[in-house]
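Observations on the three-dimensional arrangement
Here are the chains, one letter per residue:
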Amino acid sequence: MDSVKTNTAGAPDGIGEASVNVNGVVTSGDQAVVSVFDHGFLYGDGVYETLRTYNRRPFLTDRHLARLRASAARLSLEVPPTDGELESRLRDTMRGVHPHGEVVLRILVTRGVGDLGYDPAVCRTPTVVIIARPHRASPEWVDRDGVRLVVASVLRNHPRSVDPVIKSNNLLNNVLAMQEAVRDGAYEALLLNHRGELAECSQSNVFVVRDGVVLTPPLDAGLLEGVTRNLLFEVGADIGVPVRDAVLRQSDLPAVDEMFITSTTREVVPVVLVGGQVIGSGGPGRVTARLLARLRERAHALTCGAD
Ligand code: PDD
């Protein structure tokens, strides 16, 4: 694998800095192993969540764990550890990772190890993995200048296929869309649904601002119900900016004033171009900046207290 860049520990960049918890046992990222017979590896049969810390405390853990369980239920997959056990595994796994900085935590639950075949009964116990790695803040230019999206040619999964509401380990739809963005030098890929409406991006939800009102595609458009998306409704209410869901199309973009995307790790990122379409004034918008500032205030307020 000559093409894989390695760090001094011999693992690809970043992996050595991670800590990983496999079924309760913590090792460094380059030591962690899961069987090749795990149906997560074989079939993408599993679900996941990505959390981040503020003030080194996992943020909105209850919301992420509720979504993890809802995703798993859609696959008839059990999540055996209690929420309390998962929280204590999160703490164990992140201990020592990026000691003076923030951490990203990925929880994965897969069908577990079993013989080849799609019958879930061949797997006795789900595999529960937690990956903790340093959170890397976006480069400074992202907030300052805004980013460009491409509209992917691949459509977001139809809700009656692999429903995007499931935060599934089966991510090929997202990977294919993001490959188009990477090839085009764009920051993210915007996916349309089977009706040609805006759905979401490969790793984030999408919003526009029109006449002072913030709009985001409805859940019925086929998208992940982002924790940050939901938080944005609350953050908007805090600062007196209405946030609503609305069907959006590419043809609406020339008339919008601002656009942004949201996710746990990226927070709120201004979008200034979609393909060749300039958004609003061509720079990050004022409403976007206010929402980001308020979201950060809330995140700090909720994580800065004593234990
Ligand atoms: N991505 N839509 C998709 C397809 C996503 O993968 C994500 C999150 C979001 C935003 O959801 P949230 O606000 O709950 O992070 C929307 C995470 C960060 C990831 O894939 O790691």
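This paragraph deals with the pattern of salt bridges. In this structure the tally under the stated criterion is 21 salt bridges. The partner of Arg136 in a salt bridge is Glu17, and the shortest N-O contact between them spans 3.2 Å. In this pair, Arg136 sits in the loop between strand 6 (127-134) and helix 4 (140-145) while Glu17 sits in the segment before strand 1 (19-22), placing the two residues 119 residues apart along the sequence. Here Arg136 falls in the partly exposed class, since its relative accessible area comes to 47%. Owing to a relative accessible area of 43%, Glu17 belongs among the partly exposed residues under this scheme. When the shortest N-O distance is used, the salt bridge between Asp220 and Arg195 registers 3.2 Å. Residue Asp220 is located in the loop between strand 11 (213-216) and helix 6 (227-238), and its partner Arg195 is located in the loop between strand 8 (188-192) and strand 9 (198-201); the two are separated by 25 residues in the primary sequence. On the basis of relative accessible area, Asp220 is assigned to the exposed category, the value being 53%. Judged by relative accessible area, which is 41%, Arg195 ranks as partly exposed. Each of Arg63, Glu234, Asp238, Arg294, Glu297 and Arg298 takes part in salt bridges that share partners, so that together they form one network.

Together, Val36, Phe37, Phe41, Val113 and Leu116 line one region of the surface with nonpolar side chains, adding up to about 520 Å² of accessible area. In this fold, Leu116 is placed in the loop between strand 5 (103-110) and strand 6.

What the six strands build is an open sheet, ordered 2-1-6-5-3-4; its pairing is antiparallel. Both outer strands of the open sheet, strand 2 (25-28) and strand 4 (57-58), are each paired with one neighbouring strand and no more. Docked against the sheet, helix 2 (residues 61-74) engages strand 3 (46-54), strand 4 and strand 5, running at close to 175° with respect to strand 3. The sheet strands contacting helix 3 (residues 83-94) are strand 1, strand 2, strand 3, strand 4, strand 5 and strand 6, and the helix crosses strand 6 at an angle near 40°.

Taken domain by domain, the protein chain holds domain 1 (19-134) and domain 2 (140-303). Tallying the contact residues gives 25 residues for domain 1 and 22 residues for domain 2. Buried surface at the junction of domain 1 and domain 2, summed over both partners, amounts to about 2,100 Å²; 58% is from carbon and sulfur atoms. Of all residues in domain 1, the largest losses of buried area upon contact with domain 2 belong to Tyr48, Tyr54 and Arg67, amounting jointly to 29% of the total for that side. In this structure, the connection of domain 1 to domain 2 is made through three salt bridges. Put simply, Arg52 and Glu267 hold a salt bridge, and the shortest N to O gap is 3.7 Å. On the surface where domain 1 and domain 2 come into contact, there are ten residue pairs in polar contact (both at pLDDT 80 or more). Those elements giving two or more residues to the side of domain 1 that touches domain 2 turn out to be strand 3, helix 2 and strand 5. The leading source of residues in the side of domain 1 that touches domain 2 is strand 3, at eight residues. Among the residues making up the side of domain 1 that touches domain 2, the classes are represented as eleven nonpolar, seven polar and seven charged.

Rules used throughout
Residues numbered from 1 in each chain as written. Predicted model: local features only at pLDDT ≥ 70, side-chain atom pairs only at ≥ 80, totals over all residues. Heavy atoms only, no water. Salt bridge = Lys/Arg side-chain N within 4 Å of Asp/Glu carboxyl O. Helix = DSSP H or I, 4+ residues; strand = E, 2+ residues; numbered from the N terminus. Buried < 20%, exposed > 50% of the residue type's maximum accessible area, 1.4 Å probe, protein only. Patch = residues over 30% accessible without salt bridge, like charges linked within 9 Å, V, L, I, M, F, W, Y side chains within 5 Å. Areas by Shrake-Rupley, 256 points an atom, 1.4 Å probe, with all protein chains shown as cover. Pairing = 2+ DSSP bridges. Contact = heavy atoms within 4.5 Å. Axes fitted to C-alpha atoms, helices over the stretch in contact; angles between N-to-C directions. Domains from an automatic or database assignment. Buried area = accessible area lost by both parts, 1.4 Å probe. Polar contact = N/O pair within 3.5 Å; in protein donor to acceptor, adjacent residues only side chain to side chain. Nonpolar A, V, L, I, M, F, W, Y, C, P; charged D, E, K, R; others polar.

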